[in-house]
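# Inside the fold
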Amino acid sequence: MGLLEGKNALIFGLANERSIAWGITQAFKREGANLGISYAGEMLEKRVRPLAEQVGCQWVEECDVTKDDQIKLVAEKAAKHFGKIDVLVHSIAFAGKDELSRPFHETSREGFRNALDISVYSFVALTHAFLPCLNPGASVMCLTYGSGAVKVAPHYNVMGVAKAALESATRYLAYDLGPQKIRVNSISAGPIRTLAAAGVAGFRDMYKHFADAAPLRENVTIEDVGDTAVFLASDLSKRVTGEIQYIDSGFNIMGVQIGDKEEKAG
Ligand code: NAP
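A short tour of the structure in this document, coming up. Computed from a predicted model, the values in this text were never measured in an experiment.

## Quick look at the overall build of the protein chain
If you tally the helices and strands in the protein chain, you get 10 helices and 7 strands. Taken over C-alpha atoms, the radius of gyration comes to 18 Å for the protein chain, in line with the 18 Å a tight globule of 266 residues would show. By principal-axis analysis of the C-alpha atoms, the protein chain measures approximately 60 × 45 × 40 Å. Taking all 266 residues of the protein chain together, the buried fraction comes to 52%. Nonlocal contacts in the protein chain, meaning residues at least 24 apart in sequence, comprise 76% of its contacts between residues at least 6 apart. Here the protein chain displays about 13,200 Å² of accessible surface, and carbon together with sulfur accounts for 54% of that area. Treating the 29 positive side-chain charges of the protein chain as one cloud and the 32 negative ones as another, the clouds have centres 1 Å apart.

Given below as structure tokens:
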């Protein structure tokens, strides 16, 4: 029997087969969850629907998380279709290209507002909107990048600030919802080649350096993140809340990073 058998799980942020949300969707399917998928807008529908079909998902809904009315509507539709929800995954982020290539101090007010609205506030708003239909014991989770949130990742800029806020929001939500036995956690994934990552200047170098310097000497995959999400969604983690769960081949433990080449030379 799968670890998520009998659980209703909604995943927000599927764009294509490279999305972290796709790794999570597949892992949830493998573990027997009943799935619902939400995507950002019309443009994505033709990519998302065939993926949803692959995993036998019948609830596929559009939701632009900058729009309160769309969030409200999607929560109502989910409640009608599923009754109660056990797992809610937020795998959404956005920052303008300029903000991810210029020096951080040149971040515009509008760029800052947009990045934090889409990447952070939406997590709070979704959690609030779904609260009436979350079962006791439900698990809510989001995706962060700790290397850019608690430390500096060159060019990650306003997205690093957004992820720091997202991690903090995770703790505040965990505190709020704890008495209802609802858990809230973040998954901090190492760099993965996705559409969102392509917008970060210098991502390729960061990706390569990561595999060179991480203790396990390898990059992580969307399947790895899916497995971590299964743990957080399942009852195996029933006393885990407010945590930032790293899945990064151990990269974050390093104080000084030396790649394999430098080490051999050294
Ligand atoms: P992705 O496939 O591009 O997913 C990002 C998703 O956010 C897309 O589906 C995107 O839709 C959606 N989104 C953007 N604006 C939205 C809006 N207004 N309403 C609803 N959805 C919106 O990239 P990903 O790498 O899998 O990103 C998923 C999460 O993982 C993000 O939180 C990201 O920061 C995090 N993460 C990624 C990495 C990495 O290296 N890739 C590492 C750590 C954490 P559109 O395509 O339409 O914009």
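## What about the packing of aromatic side chains?
Taken as a whole and judged by the stated rule, the model has 5 aromatic pairs. Ring geometry for W59 versus F82: centroids 5.7 Å apart, planes at 65°, classification edge-to-face. Of this pair, W59 sits in strand 3 (residues 59–62) while F82 sits in helix 3 (residues 68–82), and the two are 23 residues apart along the sequence. F82 matches W59 in its accessibility class, with the two residues each being buried.

## Concerning the environment of L88
Structurally, the position occupied by L88 is in strand 4 (residues 85–90). The class of L88 is buried, set by a relative accessible area of 3%. Separated by 46 residues in the primary sequence, L88 and L134 place their C-alpha atoms 8.7 Å from one another. Not counting residues within four places of it along the chain, the set of residues in contact with L88 comprises L10, F12, L126, T127, F130, S139, V140 and M141.

## Digging into the site of the ligand
Close to the ligand lie 28 residues, the nearest being S19, I20, K163, I192 and T194. The backbone of I92 places a nitrogen or oxygen atom 3.2 Å from an oxygen atom of the ligand. A distance of 2.8 Å is found between an oxygen atom of the ligand and a backbone nitrogen or oxygen belonging to I192. In isolation the ligand offers 880 Å² of accessible surface; the protein chains occlude 89% of this area. Among the cavities detected, the one that contains the ligand is the largest pocket. A class-by-class count of the residues in the shell around the ligand yields 19 nonpolar, 7 polar and 2 charged.

## With respect to the state of the cysteines
Summed over all chains, the structure comprises 0 disulfides. The cysteine C57 is free of any disulfide, with C63 supplying the nearest cysteine sulfur at 15 Å. Cysteine C142 shares no disulfide, and the gap to the nearest cysteine sulfur, in C63, comes to 16 Å.

## Examining the pattern of salt bridges
Throughout the structure, instances matching the rule amount to 9 salt bridges. For the salt bridge of D64 with K67, the shortest nitrogen-to-oxygen distance reads 3.2 Å. Looking at K67, the relative accessible area reads 38%, which means it is partly exposed. E110 serves as the salt-bridge partner of R113, at 3.3 Å between the closest nitrogen and oxygen. You can see R113 and its partner E110 sitting in helix 4 (residues 109–130), 3 residues apart, about one turn around the helix. Within the structure, one salt-bridge network assembled from shared partners comprises R30, E31 and D227.

## Details of the packing of helix 3 against helix 4
Look at helix 3 against helix 4: their axes get within 9 Å of each other, and the N-to-C directions meet at 40°. Viewed along their axes, helix 3 and helix 4 adopt a mutual orientation that is oblique. The interaxial crossing formed by helix 3 with helix 4 has right-handed handedness. For the pair formed by helix 3 and helix 4, the contact residues are I71, V74, A75 and A78 on the first element and A125, L126, A129 and F130 on the second. Class assignment for the residues of the contact of helix 3 with helix 4 results in 8 nonpolar, no polar and no charged.

## Brief notes about empty space enclosed by the protein
This structure, assessed with the given rule, holds 1 cavity of 30 Å³ or more. The computed volume of the largest cavity comes to approximately 30 Å³. As for the largest cavity, its lining consists of Y145, G146, S147, S188, A189, G190, F210, Y246, D248 and F251. At the level of elements, helix 5 (146–149) and strand 6 (183–189) are the ones that each hand at least two residues to the lining of the largest cavity.

Thresholds, definitions, all that
Numbering of residues starts from 1 in each chain and follows the order in which that chain's sequence is written. The model is predicted, so local features are restricted to residues of pLDDT at least 70 and side-chain atom pairs to those at 80 or more, both for listing and for counting; the totals for chains, interfaces and linings are taken over all residues. Calculation of side-chain values draws on the structure's entire complement of heavy atoms; hydrogens and water are dropped beforehand. Secondary structure elements follow DSSP: runs of H or I of four or more residues count as helices, runs of E of two or more count as strands, with numbering from the N terminus. Only C-alpha atoms enter the radius of gyration, while the globule expectation follows 2.2 Å times N to the 0.38, with N the number of residues. For every residue, the accessible area (1.4 Å probe, protein chains only) is compared with the maximum for its type, and the residue is labelled buried under 20%, exposed over 50%, or partly exposed between those bounds. We call two residues in contact whenever any of their non-hydrogen atoms come within 4.5 Å of each other. Computed by Shrake-Rupley with a 1.4 Å probe, the accessible areas treat only the displayed protein chains as cover when residues are assessed. His residues and chain termini do not enter the charge count, which takes Lys and Arg as positive and Asp and Glu as negative. A charged residue contributes its charge at one atom only: NZ of Lys, CZ of Arg, CG of Asp or CD of Glu. Centres within 6.5 Å are what make two rings of Phe, Tyr or Trp a pair, Trp counting through its six-membered ring; a difference in plane orientation under 30 degrees is then read as stacked, over 60 as edge-to-face, and the rest as tilted. In these notes, residues near a molecule or strand are those with any non-hydrogen atom within 4 Å of it. Counted as a polar contact is a pair of N or O atoms within 3.5 Å, where, for protein atoms, one must be capable of donating a hydrogen and the other of accepting one, and residues adjacent in sequence contribute only when both atoms are in side chains. Think of a 1 Å grid over just the protein atoms. A cavity is a set of points where a 1.4 Å probe fits yet cannot get out, a pocket is an open set with protein on both sides within 12 Å along at least five of seven lines, and lining residues have an atom within 4 Å of a point. Cavity and pocket membership follows a simple rule, namely that a molecule belongs there if more than half of its atoms are within 2 Å of the grid points. Note that Gly is not counted as nonpolar here; it falls among the polar residues with everything else outside the nonpolar set of Ala, Val, Leu, Ile, Met, Phe, Trp, Tyr, Cys and Pro and the charged set of Asp, Glu, Lys and Arg. Only a pair of cysteine sulfur atoms within 2.5 Å qualifies as a disulfide here. Salt bridges, as used here, are contacts in which a Lys or Arg side-chain nitrogen is within 4 Å of a carboxyl oxygen on Asp or Glu. Only the contacting stretch of a helix is used when fitting its axis, a line to C-alpha atoms as for every element, and angles between N-to-C directions run 0 to 180 degrees. Any angle between 65 and 115 degrees counts as roughly perpendicular, while under 35 counts as roughly parallel, over 145 as roughly antiparallel, and the rest as oblique. A crossing counts as left-handed when the near helix is turned anticlockwise from the far one by less than a right angle, and as right-handed when that turn is clockwise. Grid points are joined across faces, edges and corners, and a volume is the space filled by probe spheres set on the points.

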